[in-house]
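# Analysis of the macromolecular model
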Amino acid sequence: MNTTQPLPPPLLQLEHISLSFKAVKAITNISFAVQPGEICALIGPNGAGKSSLLNVINGVYRPDEGAISYNGETLHIMQPQHAAERGIARTFQNIALFKGMTVLDNVLTGRNLHVHSSWLEQVFNLGRAPQEAVRQRKKAEEIIDFLDIQPWRNSVVGNLPYGLQKRVELGRALAAEPKLLLLDEPMAGMNAEEKQEMSRFILATQREFTTTIVLIEHDIGVVMTLSNHVVVLDYGKKIGDGKPEEVRQNPQVIAAYLGTKH
Amino acid sequence: MLYREAGQFISHYRADQRLFRLRQDRIGFYLLLASAFVLVPYCGNDYWFSAILIPFLVLSLAGMGLNFLTGYAGQLSLGSAAFMAVGAFSAYNFNLRVEGLPFLLSILLGGVVAGLTGVIFGLPSLKIKGFYVLVSTLAAQFFVQWVFTNFAWFSNDSSSGVITAPPLQVFGLDLSSPAGRYLLTLTIVTALGLLAANIVRSELGRNWMAVRDMDTAAAVIGIAIPKTKLLAFAISSFYLGIAGSLWAFTYLGTVEPHGFDINRSFQILFIIIIGGMGSILGNFLGAAFIVLFPVLMSHIANGLLAGVIDAGHLENFQKIVFGMLIIGFLIKEPNGLASIWQTFRQQLRVWPLRY
Ligand SMILES: Nc1ncnc2c1ncn2[C@@H]1O[C@H](COP(=O)(O)OP(=O)(O)OP(=O)(O)O)[C@@H](O)[C@H]1O
Ligand SMILES: [Mg+2]
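This write-up is about the structure you can find in this document.

Moving on, we come to the overall build of chain B. Helix and strand counts for chain B stand at 14 helices and four strands. The C-alpha atoms of chain B give 21 Å as radius of gyration, which agrees with the globular expectation for 355 residues (20 Å, within 12%). Seen through its C-alpha atoms, chain B measures out along the principal axes to roughly 65 × 60 × 45 Å. Buried residues in chain B amount to 50% of all 355 residues.

This part covers the coordination of the magnesium ion (ligand 2). Each donor-metal-donor angle in an ideal tetrahedron of four donors is 109.5 degrees, and each such angle in an ideal octahedron of six donors is either 90 or 180 degrees. Residue and element names in this part refer to chain A. Coordination sphere of the magnesium ion (ligand 2), protein contribution only: Ser51 (OG) and Gln93 (OE1), at 1.9 to 2.1 Å. A residue pair is termed long-range when its members are at least 10 positions apart, and Ser51 in helix α1 (residues 50-57) and Gln93 in the loop between β6 (88-91) and α3 (103-109) qualify at 42 residues. When its relative accessible area of 21% is taken as the criterion, Ser51 is described as partly exposed.

Moving on: the nonpolar core. Residue and element names in this part refer to chain B. Counting residues in each nonpolar core, the largest one holds 100 residues, and the members touching the most others are Leu61, Phe68, Ile199, Trp208, Tyr239 and Phe260. Looking at this core element by element, the count peaks at 15 residues for helix α3 (residues 46-72). Sequence-distant contacts of Trp208, that is, excluding residues within four places in its chain, are made with Phe68, Tyr72, Ala73, Ile199, Thr228, Leu231, Ala232 and Ile235.

Once that is clear, we can look at the site of ligand 1. Residue and element names in this part refer to chain A. Taken together, 15 residues lie near ligand 1, and Gly47, Lys50, Ser51, Ser52 and Gln93 sit nearest. Ser52 places a side-chain nitrogen or oxygen 2.5 Å from an oxygen atom of ligand 1. Take Gln93: an N or O atom from its side chain is 2.8 Å from an oxygen atom of ligand 1. In isolation ligand 1 offers 630 Å² of accessible surface; the protein chains occlude 65% of this area. Contributing elements (two or more residues each) for the shell around ligand 1: β2 (24-34) and α1. It is α1 that contributes the most residues to the shell around ligand 1, three residues altogether. Residue composition of the shell around ligand 1, by class: six nonpolar, seven polar and two charged.

It is worth spelling out the packing of helix α4 (residues 80-97) of chain B against helix α6 (residues 131-150) of chain B at this point. Angle between the axes and distance between the axes are the two parameters that describe a pair of packed helices. Residue and element names in this part refer to chain B. Following both chains from N to C, one finds α4 and α6 inclined at 30°, their axes separated by 7 Å at the closest point. The way α4 lies across α6 gives a crossing that is left-handed. From α4, Ser80, Ala81, Ala82, Phe83, Ala85, Val86 and Phe89 reach across to α6, where they touch Ala140, Gln141, Val144 and Phe148. For the contact of α4 with α6, a count of residues per class yields nine nonpolar, two polar and no charged.

With that out of the way, let us pick up the sheet that holds strand β7 (residues 180-184) of chain A. Residues and elements named next belong to chain A. Strand order in this open sheet of six strands is β6-β7-β8-β3-β9-β10, and the pairing throughout is mixed. In this open sheet, the two edge strands, each paired with only one partner strand, are β6 and β10 (237-242). Recorded for the sheet is a direction-independent mean angle of 15° between the axes of neighbouring strands. Where β7 and strand β8 (residues 212-216) come together, five bridges link them in parallel fashion. The residue of β8 that forms the bridge with Leu181 is Ile213. The strands touched by helix α7 (residues 192-209) within the sheet are β3 (39-43), β7 and β8, with β8 carrying the most contacts at an inclination of about 155°.

What follows covers the packing of aromatic side chains. The full count for this structure, using the stated rule, is 24 aromatic pairs over all chains. Consider the rings of Phe68 of chain B and Tyr239 of chain B, whose centres lie 4.9 Å apart with planes at 90°: the pair is edge-to-face. Taken together, the residues span a long stretch of sequence, with Phe68 of chain B in helix α3 and Tyr239 of chain B in helix α10 (residues 225-252) at a distance of 171 residues. On the accessibility criterion, Tyr239 of chain B (1% relative accessible area) is buried. Aromatic rings pair up to connect Phe266, Phe270, Phe289, Phe293 and Phe322 of chain B into one cluster. Sitting over the ring of Phe201 of chain A, Arg200 of chain A keeps its end group 5.8 Å from the ring centre. Seen from the ring of Trp153 of chain B, Arg97 of chain B lies directly overhead, with NZ or CZ sitting 3.9 Å from the centre.

Reading guide: rules and limits
- Position numbers for residues start from 1 in each chain and track the written sequence from start to end.
- Both sets of labels track the order of writing: A upward for chains, 1 upward for ligands.
- The predicted nature of this model means local features are confined to residues of pLDDT at least 70 and side-chain atom pairs, given and counted, to a pLDDT of 80 or more, with totals for whole chains, interfaces and linings taken over all residues.
- With hydrogens and water stripped out, all remaining heavy atoms of the structure feed into the side-chain values.
- A run of H or I in DSSP counts as a helix once it spans at least four residues, and a run of E counts as a strand once it spans at least two, with each numbered from the N terminus.
- In this setup the radius of gyration rests on C-alpha atoms only. A globule is expected at 2.2 Å times the number of residues raised to 0.38.
- Classification of residues uses two cut-offs on accessible area relative to the type maximum, computed with a 1.4 Å probe and protein chains only: under 20% is buried, over 50% is exposed, and between them is partly exposed.
- Donor atoms (N, O, S) are those found within 2.8 Å of the metal centre, with the cutoff raised to 3.2 Å for Na, K and Ca; water is not part of the atom list, so apparent gaps in a site can occur.
- Put simply, a nonpolar core is a bunch of buried Ala, Val, Leu, Ile, Met, Phe, Trp, Tyr and Cys residues held in one set by side-chain atoms that sit within 4.5 Å of each other.
- Pairs of residues are marked as contacts when any of their non-hydrogen atoms sit within 4.5 Å.
- Think of it this way: one heavy atom of a residue within 4 Å of a molecule or strand is enough to make that residue near it.
- Counted as a polar contact is a pair of N or O atoms within 3.5 Å, where, for protein atoms, one must be capable of donating a hydrogen and the other of accepting one, and residues adjacent in sequence contribute only when both atoms are in side chains.
- Where accessible areas are quoted, they stem from the Shrake-Rupley method and a 1.4 Å probe; at the residue level, only the protein chains shown are allowed to cover.
- Three categories are distinguished: nonpolar for Ala, Val, Leu, Ile, Met, Phe, Trp, Tyr, Cys and Pro, charged for Asp, Glu, Lys and Arg, and polar for the others, with Gly belonging to the last.
- Where helices are involved, their axes are fitted lines through C-alpha atoms of the stretch in contact, as for all axes, and angles between N-to-C directions lie from 0 to 180°.
- Should the near helix be turned anticlockwise from the far one by less than a right angle, the crossing is left-handed, and should it be turned clockwise, the crossing is right-handed.
- Should DSSP find at least two bridges between two strands, the strands are taken to pair.
- Pairing of aromatic rings covers Phe, Tyr and Trp, the last counted by its six-membered ring, and requires centre-to-centre distances within 6.5 Å; plane angles under 30 degrees mean stacked, over 60 mean edge-to-face, and any other angle means tilted.
- Either the NZ atom of lysine or the CZ atom of arginine qualifies as a charge over a ring when it sits within 6 Å of the ring centre and within 35 degrees of the ring normal.

Here it is in structure tokens:
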């Protein structure tokens, strides 16, 4: 007795995406789908086009060809701001925090799309502003608690160690209460302990906030334990797509990536 | 034992969001305000009002204006004096041409016109970055000065574009004495200073800093960059416009377009470099430095070096020392006097421990 349930419609679907920078073809005809609630890992050797693909998904780069459907809507031209408004948040490979601001302020900026009072109300502290300030602060503090970064709340992020900055950047993304979270190497440059901690936060994010996550990661061990779905890129082409166990067996993947790395 | 925070537990977010979190800071601020409003008008003399305190206050306000744009929003500008001029000349014309318009309202409207002018010259910043924004503000600087010099209408056909202060009447009070002009300036600068502290701690202030620190990331988290930048130009120029009116009417009394030339823009820029980018307090520290430094230098020259240096040399000497100080600040303390003050305060808080 094995009744296969029909899959729910994917949250994110990429169709025939291609992207090039002058002579460099960064992404060639890539299609894949991300199911709601899953952690999808994007893996592949350096320069495979992983970061470029995330940049396409949230509108930082415009693909030469192809379409993206997100949450039932097909988007041809995506702007970063449109992506944010639709609940797509992300972190960057080279931390892109606001270095001169405190941890708390960084997290609060992540909430900017949830702010309803106008700048005039805020500046004169009138109308909706006073209550909203408290409400936003509470939300930000929840995130700060969730990530265990209370002691650094008022520290300027530029002065924090790298691992903590990565965590704060996750916090800023989570503050937006995203439906889809794009993480570009959230564990790069971390030691085993820090990686484990970060893995816990990512899993907790998936569980507690039911956030769908697309994650780029080089550490295969981490990928295998975290992800429900793996997409493998090499030289801008997709060479594998499936459950972690399946991808692991794929000879093309072993040759291109796993083989060379281990 | 004076500077201790023991027992001051903050249990509400609203309390944590106050301008001064420590009771000592709050009391110190109120004492400062009280003495500025009550004590100084009694004790000060006309020289101090006219030559030190009023320009200090006006330049602090102008510093705030530029600091919003450059220190907080990260947009370089060399057009501060242009927006000051627009404020002053607009206020003058409103007052001249609208029968019975109160003085304060004229200044306010002058600020609004300056703000709108700022938005126009800020438009290029939506397409270009960094150094090129500087060029746009430089264009504002030369264009505005050219307009006010060459179109006599703006100065009511006076010779060489000179404008003169309207009667300084506020709510029926005549404030044309030095003490009156000081109090008028102090009131406006205090009100706008408190507002400034609110602005930079609001979402708008955070968005400015986000655009300054990393604009791609700001766009990715959904901050509307064009609106954020243009509001920086608008509010910055509004403040500069009000400062321009005060410069013309409560400080100088009469002013010509040349009074708002590029040297003035540089002066405002030096205030925020010395005082501290991205700090409200820094504007006051920087302005105090800029106003007091030449006074101090000439006292030293007259006292110690009497007869050794003549007046012409003294001015050059001042410029050299000043230039070296600016370079020194840029290298050693890019966050200016405000940051030195913060470090000192922090040490006071934990004294006698090291940290
Ligand atoms: N802005 C850009 N301009 C020009 N070329 C780019 C740009 N961004 C990426 N590329 C090129 O596109 C290709 C894919 O780069 P991408 O950063 O997406 O790889 P990646 O898979 O994220 O690699 P890594 O694991 O090193 O982060 C590379 O050849 C890179 O040089
Ligand atoms: Mg990458």
